[in-house]
Amino acid sequence: MSQFSGSRHLPAFSGKTLRRVALVPLLLGLGPVLSLDWRTLWSAGELRGTASLGAQEAPHGDRRHLHGIVEDSISGRPLRDAEVTVEWTAEAKARMSRSRTDGNGRFDFRDLPASRVRIRVRALGFAPWTEVVDLTQADRLLTVHLSVATTVLQEVAVRADTLAERLGRVAATSTLDAAALASTRGQTLGETIKNLPGVAVVQFGPSIAKPVIRGLNSQRVLVMNGGLRQEDQQWGTEHAPNIDSFNADAVTVVRGAATVLYGPDALGGVVRVDHAALPDTGHLRGNVALNTFSNSRQGALSVGLEGADLSLPRIGTTGYRLRLTTRMAGNGAAPDYYLSNTGFRELNGSLALGVRRVWGRSELSLSRFSTELGVLRQAHVGNLEDLERAMRTEPRDSAFSYAIGRPSQRVAHTTLRSRTVFALPGDQELELVYGLQYNHRREYDNNGPLRFRNEPAFNLKLFTNSLDLRWTHARWHGWRGTVGTSAVAQGNQTLGKAFLIPGYDLWQGALYAQEELGLGRFSLLTGLRGDMISQTTLAYADAGIRSPAGTKSWRNVSGSLGAAYLLRDGLDVSLRVARAWRPPTVNERYAQGVHHGTAQYELGDASLSAEVSGGVEASLRHRGTRWQADVAAYANTIDGFIYLQPSEPVFTLRGTFPGYRYAQAPARLRGLELSSSYLPHARLQLSANGTLVRGHNRDTREPLFDMPADRVNLSARWLGTRSLLGTWHLGVGTLLVRQQDGVPSGTVYTLPTAGYALLSLDAGATGVMLFGQATTVSLSVNNALDTRYRDYLSRYRLFVNDAGRDVVLRITMPF
């Protein structure tokens, strides 16, 4: 019997005749209205011709099937997302199963006991409905009619990032909500978002992954953490964002230039990490998350507490949230060997306080992220022969260990953030955000004079003060938007024995405005921003190193114009053009030495000019009941594109390293992105997304360095509900990556990489009862076939294979 075989007869029940039956008790003021199963209708003498429906409900053993449809009692319209709960008693214990109706108003419960059960139905805007249903003899099909009711709420709080919401209408965006993030807890931020369309990662073994958006990374991709720019030496390609992923409630990726709102750092895109709003009501509550990873034998534990019952002097009732996270991993493993010295340890903590009053709301938070991580030992060698041997043979020192030896990094990042939003008359807001960040990075050498001393080769301290003021004004002649200003003051100290970048001071000021006009199905979004940036470097002199002092300033504007048109319900198209720019960073101008993390010798160029980008992108979005799809295409030209050009190996006291020099060239990047999902059945979800990027030097026609290979993600997930599991799922997926043969010629560092396919499996449930708590449990297997492969964006691809099979267990329990 098909899942909703009875529904083929539903029009006979749910037409005018049935609605008249349903309206009778409504007119009599009896509250919730229902249309019971065929037996009720038969006995009412209204639908004797429907006796065939009862023949479908044949008994089968001691398990029963309860299904049906929820409709509006007046219009007969199926109601989506109505909550349906079934309760029964088994072995003197109360049992419950819960589900929500799909786009056709349908619900479905299988394997219920052959007994009397209580069914409850609730939907926003309708009176709740409750009934006891007898399943002793047979399966049952129900049609539930809910009557409209006015719901009185004490308070409704709607929170949104107005800036991002407006940008999202015309720019290509993807969001991972809390439920999607739960399936990746314990991984780095880059790993979390790497399967989104248009996104890839620069990988340094299992511990470092940096996001790449449309072929751009590092100083061209801005990371916003809780509304604050993340400033943590992000210029290094192996410097992953210092963010505790357990603290994130949602992650949004804005693909394409977003410099009007976020500044020159967002020339390639933005990764927004959003935190959940602090609670306004309720006592102490929390959750515990425990993750284990077989590949690196990693364990991760995160504990969160929150409430709104804290009373502070002169402040009153205050909401609060506290989180502590620790992670520890040993050497990662490729299919045939371990990746030596790739373990890491992490300890993070955060505390946030917030108040909500008549005048608005205010939050104050303090967080600290600290990590110690190893760098693949095979990537650091002493001479040219060792370098060639390491690139052509498998590693010799392969064994598992939690020990972190040389080379290694220690990073600590402390953030103080204050955000206050004043509610102004006329639906206006004034937002003030201040941030203080201190990043301390130490890198320890495996070669050279410091290899036996507990003294870092690099010792970088970065201090950042930032202030943002935004005014969201009332609608004026149809226009509504934001006018803002921002300022950044930054200082960097270079204290280590080795030199790579000089100390510097940076000042940045900006004024911007973004406005939106809505005209029925058509909306227009435009923005303009002016930035002024001053960069002052400090002199450095040592044996063989001469880095002069100097000040360089840049002034420029960025702007965008976009339009979106709603073709019909659920289908819209948008077009956007944007101009952006970015000045060269200190490392691009003055780098001189071995970049420890990447194990390469880098040389800057002080004469570099600013990059100027002009791009156009178009997108088509469809949101249907069963099928959803996003397609985006873009073309972007960048004058003065800054990149690392490989050169001859460099011999130093610390060993022999691949040589790279910063250079500029006119570039063009084009790409296509696809994201879609399809529900062929109420329990089956199919998903697919893909990314294609092409980057070329417009002068030489050569491909650009570090462009991600074409890739497609395919997955299928089977969903259901069971009394002991709650909502459960089984899934299978595959990542297909094409051979990357679009690489520059003439250097061994950019050799093509072969294509590969990875298989993944996962299973999970959200209502498993453990210690009396509804617990979320998932088990997944990444690279299930233990495939040998090397991704083109893996910085270790010259020396070792990428990670092999990884079995991951995740448990999250509320309390």
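Residues numbered from 1 in each chain as written. Predicted model: local features only at pLDDT ≥ 70, side-chain atom pairs only at ≥ 80, totals over all residues. Heavy atoms only, no water.

Description of the overall build of the protein
Within the protein, the secondary structure is distributed over 10 helices and 41 strands. Relative to its 815 residues, the protein shows a buried fraction of 54%. Taking as baseline every contact in the protein between residues at least 6 positions apart, the subset at least 24 positions apart corresponds to 66%. Of the roughly 35,400 Å² that the protein leaves accessible, carbon and sulfur atoms contribute 57%. (Helix = DSSP H or I, 4+ residues; strand = E, 2+ residues; numbered from the N terminus. Buried < 20%, exposed > 50% of the residue type's maximum accessible area, 1.4 Å probe, protein only. Contact = heavy atoms within 4.5 Å. Areas by Shrake-Rupley, 256 points an atom, 1.4 Å probe, with all protein chains shown as cover.)

Remarks on the nonpolar core
Formed by 28 residues in total, the largest nonpolar core has its most connected members in L339, L376, A379, Y796, F799 and V800. At the level of secondary structure, the elements contributing two or more residues to this core comprise β9 (199–204), β10 (208–213) and α9 (384–392). Top contributing element to this core by residue count: β9, with three residues. (Core = buried A, V, L, I, M, F, W, Y, C linked by side-chain atoms within 4.5 Å.)

A word on the side chain of E231
Of note, E231 is situated in the loop between β13 (228–229) and β14 (250–255). Judged by its relative accessible area of 6%, E231 is buried. A polar atom in the side chain of E231 sits 3.4 Å from the side chain of R229. A polar contact is formed between the side chain of E231 and the side chain of Q234, at a distance of 3.2 Å. Ignoring any residue separated from it by four or fewer positions in sequence, one finds E231 in contact with D265, H413, Q437, N439, L462, T464 and Q490. (Polar contact = N/O pair within 3.5 Å; in protein donor to acceptor, adjacent residues only side chain to side chain.)

Here's the deal with the sheet that holds strand β1 (residues 63–72)
If you walk across this open sheet you meet the three strands as β4-β1-β7, and the pairing is mixed. The strands lining the two open edges of the sheet, one partner per strand, are β4 (106–113) and β7 (140–146). Within this sheet the neighbouring strands show an average axis-to-axis angle of 25°, counted without direction. (Pairing = 2+ DSSP bridges. Axes fitted to C-alpha atoms, helices over the stretch in contact; angles between N-to-C directions.)

Comments concerning the packing of aromatic side chains
For the structure on display, the rule yields 10 aromatic pairs. Ring geometry for Y438 versus F463: centroids 4.9 Å apart, planes at 20°, classification stacked. Placement of the pair is Y438 in strand β22 (residues 428–444) and F463 in strand β23 (residues 458–472), with a sequence separation of 25 residues. Given a relative accessible area of 26%, Y438 falls into the partly exposed group. Take F463: its relative accessible area is 35%, and that puts it in the partly exposed class. An aromatic cluster of at least three residues, connected via ring pairs, comprises Y338, F400 and Y402. The ring centre of F400 lies 3.8 Å from the NZ or CZ of R297, which sits over that ring. (Phe/Tyr/Trp six-rings, centres within 6.5 Å; stacked < 30°, edge-to-face > 60°. Lys NZ or Arg CZ within 6 Å of the ring centre and 35° of its normal.)

Description of the pattern of salt bridges
Tallied over the full model, the rule gives 35 salt bridges. Notably, a salt bridge pairs R621 with D630, separated by 3.9 Å at the nearest N-O pair. As far as the burial class goes, R621 and D630 line up, both buried. Each of the salt bridges in this network shares a partner with another, and the network as a whole consists of R214, R255, R576, E617 and E673. (Salt bridge = Lys/Arg side-chain N within 4 Å of Asp/Glu carboxyl O.)

A few points about the sheet that holds strand β11 (residues 216–217)
Spatially, β9-β10-β11 is the arrangement adopted by the three strands of the open sheet, whose pairing is antiparallel. Looking at which strands have only one partner, the edges of the open sheet turn out to be β9 and β11.

Some points on the pairing of strand β18 (residues 316–329)
Relative to β18, strand β17 (residues 298–312) runs antiparallel, the two sharing 12 bridges. Within β18, the position partnered with A300 by the bridge is R327. In this structure, the hairpin formed by β17 and β18 is closed by a connection of three residues, where R314 is found at a positive phi of approximately 70°. Where β18 and strand β19 (residues 344–357) come together, 11 bridges link them in antiparallel fashion. Its bridge partner lying in β19, M328 is registered against R345.

A closer look at unusual backbone geometry
Following R406, the chain continues to P407 via a peptide bond in cis, the omega torsion being -5°. With phi around 65°, R701 is a residue other than glycine that occupies positive phi space. Note on placement: R701 falls in the loop between β36 (684–697) and β37 (711–722). Despite not being glycine, D786 shows a phi value in the positive range, around 55°. Locating D786 in the fold gives a position in the loop between β40 (773–782) and β41 (806–814).

Here we look at the environment of H413
Its place among the elements puts H413 in strand β21 (residues 408–424). Within polar-contact distance, the side chain of H413 engages the side chain of Q437 at 3.0 Å. In this structure the side chain of H413 is engaged in a polar contact, spanning 3.0 Å, whose partner is the side chain of N439.

With respect to a nonpolar patch on the surface
Residues L519, F522, Y565, L567, V573, L620, V631, L672, L674 and L692 make up a contiguous nonpolar surface patch of about 770 Å² in total accessible area. Every element with two or more residues in the nonpolar patch is listed here: β29 (550–568) and β35 (655–681). With respect to the element layout, L567 can be found in strand β29. On the basis of relative accessible area, L567 is assigned to the partly exposed category, the value being 42%. (Patch = residues over 30% accessible without salt bridge, like charges linked within 9 Å, V, L, I, M, F, W, Y side chains within 5 Å.)

Looking at the confidence of the model for the protein
Looking at the protein as a whole, the pLDDT averages 83, with 85% of positions reaching at least 70. Note that residues 1–59 has pLDDT below 50 and, in this model, 98 contacts with residues that lie over four places away or in other chains. Across residues 151–166, where pLDDT falls below 50, the model places 22 contacts with residues more than four positions away in sequence or in other chains. (pLDDT = per-residue confidence, 0-100.)

With respect to the environment of L761
Position of L761 relative to the elements: it lies in strand β39 (residues 756–770). Expressed as a C-alpha distance, the spacing of L761 and A784, which sit 23 residues apart in the sequence, is 7.1 Å. Setting aside anything within four residues of it in sequence, one finds L761 in contact with G731, V732, L779, S780, V781 and A784.

Overview of the environment of R555
By the secondary structure assignment, R555 is in strand β29. Its relative accessible area of 64% is what places R555 among the exposed residues. As a C-alpha pair, R555 and P583 span 28 residues in sequence and 9.2 Å in three-dimensional space. Sequence-distant contacts of R555, that is, excluding residues within four places in its chain, are made with D531 and M532.

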